[in-house]
Amino acid sequence: MEQRLTDEERLTLKTGAFGAVLLVSNAEPGMLGVIRESIAASGALADASGTVKEALTTGPLPWLPRDSQLEIESVVLPALRQAVRILGEKSPQDVEAYRSVVLTAADRVAGAHDGVAPAETAAIDQIRSALAEPT
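Residues numbered from 1 in each chain as written. Predicted model: local features only at pLDDT ≥ 70, side-chain atom pairs only at ≥ 80, totals over all residues. Heavy atoms only, no water.

A. Here's a closer look at the overall build of the protein. The helix and strand inventory of the protein stands at six helices and zero strands. Listed N to C, the secondary structure of the protein is α-α-α-α-α-α in terms of helices and strands. Burial statistics for the protein: of 135 residues in total, 45% are counted as buried. At a minimum sequence separation of 6, the contacts of the protein that also span at least 24 residues come to 82%. Of the roughly 6,800 Å² of accessible surface on the protein, 56% is carried by carbon and sulfur atoms. (Helix = DSSP H or I, 4+ residues; strand = E, 2+ residues; numbered from the N terminus. Buried < 20%, exposed > 50% of the residue type's maximum accessible area, 1.4 Å probe, protein only. Contact = heavy atoms within 4.5 Å. Areas by Shrake-Rupley, 256 points an atom, 1.4 Å probe, with all protein chains shown as cover.)

Printed below as a string of structure tokens:
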């Protein structure tokens, strides 16, 4: 049976999803790229449905560090792992949807500007690994 997510749990899902986009975007910085990447990612996040869509579209925006890739990783990767655990406990049918939305957004960000750079591929691999942990 599906249980409603708390505000804090929704924020964790949002931190993971938005943070994954930032992680990939920040891997290969460039101002023009950031605009294209934001548009690409927003389309993927908007494709979410059900519990995942509710989590990503309601409540406050998450605080995400901006200073360094390591700092972003230290917030985002644990949030992704925790988001998968939360969904595994409260809404197991949405785990795969969350993984798919986050990875699609990350892939779209990476491909939005001059192909996919090695640093972006590495960031996506980190995201995929965090999302793959068992629920």
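Text resumes after the structure shown.
B. Examining helix 1 (residues 7-27) more closely. Between its first and last C-alpha atoms helix 1 spans 29 Å; for 21 residues at 1.5 Å apiece the expected length is 30 Å, and the two agree. With respect to burial, helix 1 is a largely interior element, 16 of its 21 residues being buried. (Expected span 1.5 Å × (residues − 1).)

C. Up close: the side chain of K90. One can find K90 in helix 4 (residues 69-90). Among the polar contacts made by the side chain of K90, one reaches the main-chain carbonyl oxygen of R4 at a distance of 3.3 Å. (Polar contact = N/O pair within 3.5 Å; in protein donor to acceptor, adjacent residues only side chain to side chain.)

D. View of the side chain of D94. Mapped onto the elements, D94 comes out in the loop between helix 4 and helix 5 (95-111). Although D94 lies buried, it forms no salt bridge, and the closest oppositely charged side chain, R4, sits 10 Å away as judged by the N-O distance. A distance of 2.4 Å separates the side chain of D94 from the side chain of S91, its partner in a polar contact. (Lys, Arg positive; Asp, Glu negative; His and termini not counted. Salt bridge = Lys/Arg side-chain N within 4 Å of Asp/Glu carboxyl O.)

E. How the structure looks around the pattern of salt bridges. A complete count under the given rule lists six salt bridges for this structure. Between R4 and E54 there is a salt bridge, and its shortest N-O distance comes to 3.1 Å. With R4 in the segment before helix 1 and E54 in helix 3 (residues 50-57), this residue pair connects regions lying 50 residues apart in the sequence. Note that K90 is salt-bridged to E9, the shortest N-O span being 2.8 Å. In this pair, K90 is assigned in helix 4 and E9 in helix 1, connecting sequence segments 81 residues apart. Comparing K90 with E9 shows no difference in burial state: the two are buried.

F. A look at the nonpolar core. Counting residues in each nonpolar core, the largest one holds 38 residues, and the members touching the most others are L13, V24, L80, Y98, V102, I127 and L131. With nine residues, helix 5 is the single largest residue contributor to this core. Those residues within four positions of L80 in sequence are excluded, and the remaining contacts are G16, A17, A20, Y98, V102, I127, A130 and L131. (Core = buried A, V, L, I, M, F, W, Y, C linked by side-chain atoms within 4.5 Å.)

G. Here's a closer look at the packing of helix 4 against helix 6 (residues 118-132). Contact geometry for helix 4 and helix 6: axes closest at 8 Å, N-to-C directions at 30 degrees. The angle between helix 4 and helix 6 places the two elements in the roughly parallel class. With respect to the hand of their crossing, helix 4 and helix 6 are arranged in right-handed fashion. Across the interface between the two elements, Q69, E73, L77, L80, R81 and V84 from helix 4 touch A123, Q126, I127, A130 and L131 from helix 6. The residue makeup of the contact of helix 4 with helix 6, split by class, is seven nonpolar, two polar and two charged. (Axes fitted to C-alpha atoms, helices over the stretch in contact; angles between N-to-C directions. Parallel < 35°, antiparallel > 145°, perpendicular 65-115°, else oblique. Left-handed = near helix turned anticlockwise from the far one by under 90°. Nonpolar A, V, L, I, M, F, W, Y, C, P; charged D, E, K, R; others polar.)

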